[in-house]
Amino acid sequence: TDSDSFSVLSWNVWEDEVHNHDFTATTRHVEGMGKGDAGQEEEVVAVIARAGESTAPALRMQRVAQEAGRRQADVLLLQEVTPRLAALLAAALPVHTQSAWWGTDTGHIPTAANCPSGLQIWARQPFCAQLCMLPGRNGRNVLVAQGLQLGGEALLATFHLESAEADHAVRQAQVQRIGAICRRLLAASGSNGSHCGGHVHVLLGGDTNIKAGRTLDGRLDFGLGERDCCATQLPGPTRGPAAVPGLNLPPGWGDASYRQDLVLASAPLCTAVVDCAHVGGTAPYASDHLGVWVRFRTPGQSLTDAGDEDLP
């Protein structure tokens, strides 16, 4: 990247540790084949290999690193990270980006009995981070980074809201807590969350688990004056058969797909979007979600000043 712009990549990288624990392809999305059936393993792997849908963790983290390099991402906001996936990504990032990276350590990747994954932030410069608990029963947290210089000081946060479709009230409580945590940190820094006048950029990226038309969630509002950075440019889904075909599709979804992964920014930074894209939509897939990549112009730069070569 250059001083005229910066970019962020938010991605649910799919924990899938149970089914990929031994670097084999997953069996979860192969219809008619039971989990843990050793007698069918070779057939399952062959089916997936023919489809070009290998989901070995090492390959998947290489794909994440490749996209980070290709898009010249300055920050990665990741969900469903496990210590093993973090180690694989740590090895892949310098190779595929030709850059040094700083990342939150495994102490910031919490686990719970029914939620064995957590959050991680990577950046091309040092930063401070803190992990804060969220309401709920499944070990959900928000991970916040401060001290990054992205055309000015930045506060970034990544989150993974409650998964169960019926838990819309829990998701709402989690959103409110995230907003309160960010406001407290902004108040401590003397900022109101704007990118003008020396104030702090606020960027949020994560998996909302909100499925329009399926869950009963209301409007997503963290109370930070934030907006969905790509609502107009990227209206398509990030999860489901129209996003990542055939991979880890929940029972009952059928042909439905949902736009549940977002990057949000406080105004007026959200109006400084130069380019954005959903990434990871070609096999072999990095995840059962698409990533969301957004490039912003830095303060004082025009759109033409900050533009890059178009990327598909």
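Above this text is the structure in question.
We now turn to the structure provided with this report. (Residues numbered from 1 in each chain as written. Predicted model: local features only at pLDDT ≥ 70, side-chain atom pairs only at ≥ 80, totals over all residues. Heavy atoms only, no water.)

**Focus: the packing of helix H2 (residues 57-70) against helix H3 (residues 83-97)**
Right, on to step 1. Here H2 crosses H3 at 40 degrees, and the two axes come no closer than 8 Å. One element, H2, and the other, H3, form an angle in the oblique class. Of the two elements, H2 crosses H3, and the hand of that crossing is right-handed. Contacts between H2 and H3 involve Pro-57, Ala-58, Arg-60, Met-61, Gln-62, Val-64, Ala-65, Gln-66, Ala-68 and Gly-69 on the former and, on the latter, Arg-84, Leu-85, Leu-88, Leu-89, Ala-92, Leu-93, His-96 and Thr-97.
Right, on to step 2. Here the residues of the contact of H2 with H3 sort into eleven nonpolar, five polar and two charged. (Axes fitted to C-alpha atoms, helices over the stretch in contact; angles between N-to-C directions. Helix = DSSP H or I, 4+ residues; strand = E, 2+ residues; numbered from the N terminus. Parallel < 35°, antiparallel > 145°, perpendicular 65-115°, else oblique. Left-handed = near helix turned anticlockwise from the far one by under 90°. Contact = heavy atoms within 4.5 Å. Nonpolar A, V, L, I, M, F, W, Y, C, P; charged D, E, K, R; others polar.)

**Remarks on the pattern of salt bridges**
Right, on to step 1. Within this structure, the stated rule accounts for nine salt bridges.
Right, on to step 2. Ionic pairing is found between Glu-162 and Arg-140, a salt bridge with its closest N-O pair at 4.0 Å. Of this pair, Glu-162 sits in the loop between strand E7 (153-160) and helix H4 (168-189) while Arg-140 sits in the loop between strand E5 (128-133) and strand E6 (141-149), placing them 22 residues apart in sequence.
Right, on to step 3. On the basis of relative accessible area, Glu-162 is assigned to the buried category, the value being 0%.
Right, on to step 4. Each of Glu-67, Arg-70 and Arg-71 takes part in one network of salt bridges that share partners. (Salt bridge = Lys/Arg side-chain N within 4 Å of Asp/Glu carboxyl O. Buried < 20%, exposed > 50% of the residue type's maximum accessible area, 1.4 Å probe, protein only.)

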